[in-house]
Amino acid sequence: MGIILDMIKDKVECLQTYDFRELERAIDERVEINKGMLLRVKQVQHQVTFDPIRNKMLYSAVVHFAAN
């Protein structure tokens with residue numbers, strides 16, 4: 001049995017919430033976690049849509065992390 005240590009080069013995380021401040025907090029939290037894996041933010045995409053079932057705005061973000 002061998003151990004393979006490969007470096008993560010790219011990582012994409014999707015986040016969504018009904019509160020914009022909570023989305024910002026979640027993004028900041030993920031950035032800090034990924035700093036430990038030597039990944040930096042390469043791109044952030046965000047979108048806002050209306051959820052008619054809950055009668056609220058739904059905020060979502062896709063964060064692309066890449067190796068330094």
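(A) Spotlight on the overall build of the chain. Looking only at helices and strands, the chain has 1 helix and 3 strands in total. Listing each helix as α and each strand as β along the chain from the N terminus yields β-α-β-β. Taken over C-alpha atoms, the radius of gyration comes to 15 Å for the chain, far larger than the 11 Å a tight globule of 68 residues would show. Counting across all 68 residues of the chain, residues that qualify as buried make up 26%. For the chain, contacts bridging at least 24 residues in sequence account for 64% of all contacts bridging at least 6. In the form shown here, the chain has an accessible surface area of approximately 5,500 Å², with 55% of it arising from carbon and sulfur atoms.

(B) Highlighting the packing of aromatic side chains. Evaluated as defined, the whole model comprises 1 aromatic pair. The ring of Y18 has K56 sitting right over it, with the charged end atom 5.9 Å from the ring centre.

(C) Region of interest: the pattern of salt bridges. For the structure on display, the rule yields 5 salt bridges. Here E13 ties to R30 by a salt bridge, and the two come within 2.5 Å at their closest N and O atoms. Residue E13 is found in strand β1 (residues 10-17), and its partner R30 is found in helix α1 (residues 20-35); the two are separated by 17 residues along the sequence. Taking relative accessible area as the criterion, E13 reaches 10% and is therefore assigned buried. E29 serves as the salt-bridge partner of R25, at 2.7 Å between the closest nitrogen and oxygen. Of this pair, R25 and E29 both sit in helix α1, 4 residues apart, which is roughly one turn of that helix. Among the residues examined, R25 registers a relative accessible area of 42% and is labelled partly exposed. In this structure, a network of salt bridges that share partners links the residues K11, E13 and R30.

How each quantity is defined
Residues numbered from 1 in each chain as written. Predicted model: local features only at pLDDT ≥ 70, side-chain atom pairs only at ≥ 80, totals over all residues. Heavy atoms only, no water. Helix = DSSP H or I, 4+ residues; strand = E, 2+ residues; numbered from the N terminus. Rg over C-alpha atoms; globule rule 2.2 N^0.38 Å. Buried < 20%, exposed > 50% of the residue type's maximum accessible area, 1.4 Å probe, protein only. Contact = heavy atoms within 4.5 Å. Areas by Shrake-Rupley, 256 points an atom, 1.4 Å probe, with all protein chains shown as cover. Phe/Tyr/Trp six-rings, centres within 6.5 Å; stacked < 30°, edge-to-face > 60°. Lys NZ or Arg CZ within 6 Å of the ring centre and 35° of its normal. Salt bridge = Lys/Arg side-chain N within 4 Å of Asp/Glu carboxyl O.

Fair warning: the whole summary comes from geometry, so function is off the table for now.
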